[in-house]
Structure formats: structure tokens, C-alpha cells
Amino acid sequence: MPHRVIQWSTGNVGRLALRGIINHPGLELVGLWVHGQDKVGRDAGELCGLDRRVGVTATNDTAALLALDADCVSYTATADLRPAEGKTSCFTSGIDPGFANDALPILLLSACERVDSVRVMEILDYATYDQATVLFDTMGFAQPLDHTPLLLIPGVLTLAWGPVIHAIAAALGTDVEDIRETYEKVPADRAFTVPSGPVPAGTMAGLRFEVQGMVRGRPAIVLEHVTRLRPDIAPQWPQPAGAGCYRVVIEGMPSMICDLQLRGAGGDHNNGGLVATAMRILNAIPAVCAAKPGLLAVQDLPLYGAPGLLA
């Protein structure tokens, strides 16, 4: 029997998750929550760009949705401003934080004789990431360099990516003594525009940060982001494979470098990442429903794939 799913949100990732549920042979859409009043009462198929109705109407009535006979909620609303969790069995994943910096490096580590350090990186041009709240408010792009956005408030990077550090440490059988945060900004040399809005000259156009897991006094497990709004911003920073990539660098025996490139609609790397974010959690639903209650880490679930999705 298909797992009965409520989809929560229809934004950048949400509409792709909604489409993924509708098209998934192992899932059945039974409810849909939306934030915007203009979406209430509309058919789910319309809201995710399908050319057919699916018979599930969007609502913002939380109580009615949670009263449904559903197995799982697929929650893909922006979580930066909604950090609280309910008393549920909960698996949080996607791409980053998610499989690109937990499942992928852990898989590679299983082939090592010795590990000296692990670095997991996202190196992306965010210009086509069309989500103004995330880009300008949460991350601080197009803001003065002395502005402190939500992401760079002390402790927030650790809140978001600290679990990645601890997951890798657990796979290595070691303890993290401390987590440190560093970041660097670069300004736009000229004014330009991205789909989310204008970027004035002199405001932030590049951001590089690290979340460092300290083991025996050194940064042995590091999460790094290199984010630009134009490919020519900060050429001295690490460069991606292709238009953008997720990179795992392991120093040890053997040493490894693994670059993961994603391409979605029109070959766009950001769209590919959004699709992968949605499908990573949707394909986990059977395993999450079968798992023990509580918060679930990547190590708590079996290795899962995408059953029934081969075209």
C-alpha cells in the first residue's frame, strides 16, 4: 500500500516535493498545506505545474490536515524562521544540510584505511536561486558588508550544520571537542541584478564560511560553503567543477576528492539541487515510517534508493 502523505508548503522546494509525491508510485497525496491565501482552494496539480487535477485541494487549516489519516508529513517550508519541532518521528534531510555532506562522505569514509581530515563543501553560484528572503534576509546578500544577517549571528551556523559535523564524527568513532565558525564576505564591484532582485555595488556578493569540528585541538571535520552571485566574484576562493558542485575532500589513506554536480530544468544547478532536496526526503518516507520514534539521524535509517522511479 502506498504511504499516505501530507505535503506542507508549495515554495521553491515544496512545489517540487508536491510534484514528486503525485508522481511517486509508492506515495499517495492526501493533504496539502499552503501559506498564501491566494493558494487556498486550488487543486494540488495546478499548484505544482501539472496539466491535470489530482483531487486534493490546498488549505491552511492545520487542524483539519493533522486530523487526516496520513502516515507522514513532508515539511518543506523555509525552516530558518520556524525552528521548533513537534513530538514526532522526524528525519531532517535534503542536500545541504543533507546527503551531500552526511551520507556521501560517510559512504566514502567506509573505503579508508586512515583518515586525517574530512572537508565537505558546497561551491555554488546562487544567482538562479530565486528566493529573496533566503538570499537577502537570511544570508545577507545585497546588504552592506557590516550588516549581520540571521545566518551569521554567532551560533546559527552551528545550529544549522553542527549536526553534519557530529554525524561524520560518529561515523569515524570520534568525539568533537568544540565547533568553531568563521566567515568572509566580498562586495560587488558593480551593481547587477539576479532574479530575486538588485545587488547594489559595494554590498555583499560573495560569502564563504566554515563550520569547524575540532578534534584533538585541530579542525579535523570541516563544513565549508563558497557562495557567489556571479561566477567572477572572489576568483581566489575555491572554484567548482562545472557550474557548481558539492565536494568531499578526504585526507588520509587513500586520500579522495569527490565532486557531485546536479542539473535540473534547463541544466540549472540550483534547480537540480531543489529537486534533489525534495526527493531525498520523499524517498525516505517508507524508512522513516518504519523507524523508531524520535529524532532520526542518517545512521538511523537503512540505505535507501528510489524504488519504482526508473523511467
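Now for a look at the structure at hand. Starting from 1, residues in each chain are numbered consecutively following that chain's sequence as written. Whole-chain, interface and lining totals are the exception, using all residues; otherwise, since this is a predicted model, local features are given only for residues with pLDDT of at least 70 and side-chain atom pairs are given and counted only at 80 or more. To get the side-chain values, all heavy atoms of the structure are used, and hydrogens and water are removed first.

**Structural notes on the overall build of the protein chain**
The following threshold applies: Helix and strand assignments come from DSSP, with helices taken as H or I runs of at least 4 residues and strands as E runs of at least 2, each series counted from the N terminus. Our radius of gyration is a C-alpha quantity, and the globule rule it is checked against amounts to 2.2 Å times the number of residues to the power 0.38. Note on classification: 1.4 Å probe, protein chains only; a residue is buried when its accessible area is under 20% of the maximum for its type, exposed when over 50%, partly exposed between these limits. None of His or the chain ends enter the tally, which takes Lys and Arg as positive and Asp and Glu as negative. Charge positions come from single atoms, namely NZ of Lys, CZ of Arg, CG of Asp or CD of Glu.
When helices and strands are tallied, the protein chain shows eight helices and 13 strands. Taking 2.2 N^0.38 as the reference for a compact globule, 311 residues should give roughly 19 Å; the C-alpha atoms of the protein chain span a radius of gyration of 20 Å, in line with that estimate. Across its three principal axes, the protein chain shows a C-alpha extent of roughly 55 × 50 × 35 Å. Out of the 311 residues in the protein chain, the part that is buried amounts to 50%. Where the 23 positive side-chain charges of the protein chain centre and where its 32 negative ones centre are 2 Å apart.

**Here we look at the sheet that holds strand S6 (residues 178–187)**
Quick reminder of the rule: Note on pairing: two strands pair once DSSP finds at least 2 bridges between them. Each axis is a line fitted through C-alpha atoms, taken for helices only over the stretch in contact, and angles between the N-to-C directions span 0 to 180 degrees.
The strand order across the open sheet formed by six strands is S6-S9-S10-S5-S11-S12, and the pairing between neighbours is mixed. With one partner strand each, in any of the chains shown, S6 and strand S12 (256–260) form the two edges of the open sheet. Each neighbouring strand pair of the sheet contributes to a mean axis angle of 15°, computed without reference to strand direction. By the bridge criterion, eight bridges tie strand S5 (residues 114–125) to strand S10 (residues 218–228) in an arrangement that is parallel. Of the residues in S10, the one forming a bridge with Asp125 is Arg228.

**Some thoughts on the packing of aromatic side chains**
Quick note on the threshold: Whether two aromatic rings pair depends on their centres lying within 6.5 Å, for rings of Phe, Tyr and Trp, where Trp uses its six-membered ring; planes under 30 degrees apart make the pair stacked, over 60 edge-to-face, and the rest tilted. Working rule: Lys NZ or Arg CZ, within 6 Å of ring centre, within 35 degrees of ring normal, means a charge sits over the ring.
Enumeration according to the criterion identifies three aromatic pairs in this entry. Arranged with centres 5.3 Å apart and planes meeting at 10°, the rings of Trp8 and Trp33 form a pair that is stacked. Taken as a pair, Trp8 in strand S1 (residues 3–8) and Trp33 in strand S2 (residues 27–33) lie far apart in primary sequence, 25 residues in all. We note that Trp8, like Trp33, is buried. Arranged with centres 5.5 Å apart and planes meeting at 35°, the rings of Tyr126 and Tyr129 form a pair that is tilted. Residues Tyr126 and Tyr129 agree in their burial class; the two are buried. Across from the ring centre of Phe192, 4.6 Å away, lies the NZ or CZ of Arg230, which sits over that ring.

**Quick look at the pattern of salt bridges**
To keep things clear, this is the line we draw: What makes a salt bridge here is a side-chain nitrogen of Lys or Arg within 4 Å of a carboxyl oxygen of Asp or Glu, nothing more.
Counting across every chain of the model gives eleven salt bridges. When the shortest N-O distance is used, the salt bridge between Glu28 and Arg4 registers 3.6 Å. Of the two residues, Glu28 is situated in strand S2 and Arg4 in strand S1; the sequence distance between them amounts to 24 residues. Across the salt bridge formed by Arg119 and Glu210, the nearest N and O atoms sit 2.8 Å from each other. Separated by 91 residues along the polypeptide, Arg119 in strand S5 and Glu210 in strand S9 (residues 204–215) bring together distant segments of the chain. Ionic contacts of the salt-bridge type, sharing partners, join the residues Arg119, Arg208, Glu210 and Glu224 into one network.

**A closer look at helix H6 (residues 156–172)**
To keep it simple, the criterion reads: For a helix, the expected span equals 1.5 Å multiplied by the number of residues minus one. To get the bend at a given residue, fit one axis to the seven residues ending there, fit another to the seven starting there, and take the angle between those axes. Note on definitions: a residue-residue contact is assigned when non-hydrogen atoms from the two residues lie within 4.5 Å.
Taking 1.5 Å per residue, 17 residues should reach 24 Å; H6 reaches 25 Å between its end C-alpha atoms and fits that length. Gly162 marks where H6 bends most, by close to 45°; the proline Pro163 follows one to four residues later. Val156, Leu157, Trp161, Gly162, Val164, Ile165, Ala167, Ile168 and Ala169 are the residues of H6 that are buried. For H6, the elements touching its buried residues are helix H4 (103–109), S5, S6, S9 and S10. Once H6 finishes, Gly173 follows within two positions and takes phi at roughly 70°, a positive value.

**With respect to the pairing of strand S3 (residues 72–75)**
Where burial is concerned, the two faces of S3 differ: the one with Cys72 and Ser74 is buried and the one with Val73 and Tyr75 is not. Relative to S3, S1 is paired through four bridges, and the arrangement is parallel. What sits directly across from Gln7, in S3, is Ser74.

**So, the side chain of Arg228**
Operational definition: The definition of a polar contact used here is a pair of N or O atoms within 3.5 Å, where within protein one atom must be able to donate a hydrogen and the other to accept one, and adjacent residues in sequence count solely through side-chain atom pairs.
By the secondary structure assignment, Arg228 is in strand S10. Although Arg228 is buried, it forms no salt bridge, and the closest oppositely charged side chain is Asp232 at an N-O distance of 7.7 Å. A polar contact is formed between the side chain of Arg228 and the backbone oxygen of Ala234, at a distance of 2.9 Å.

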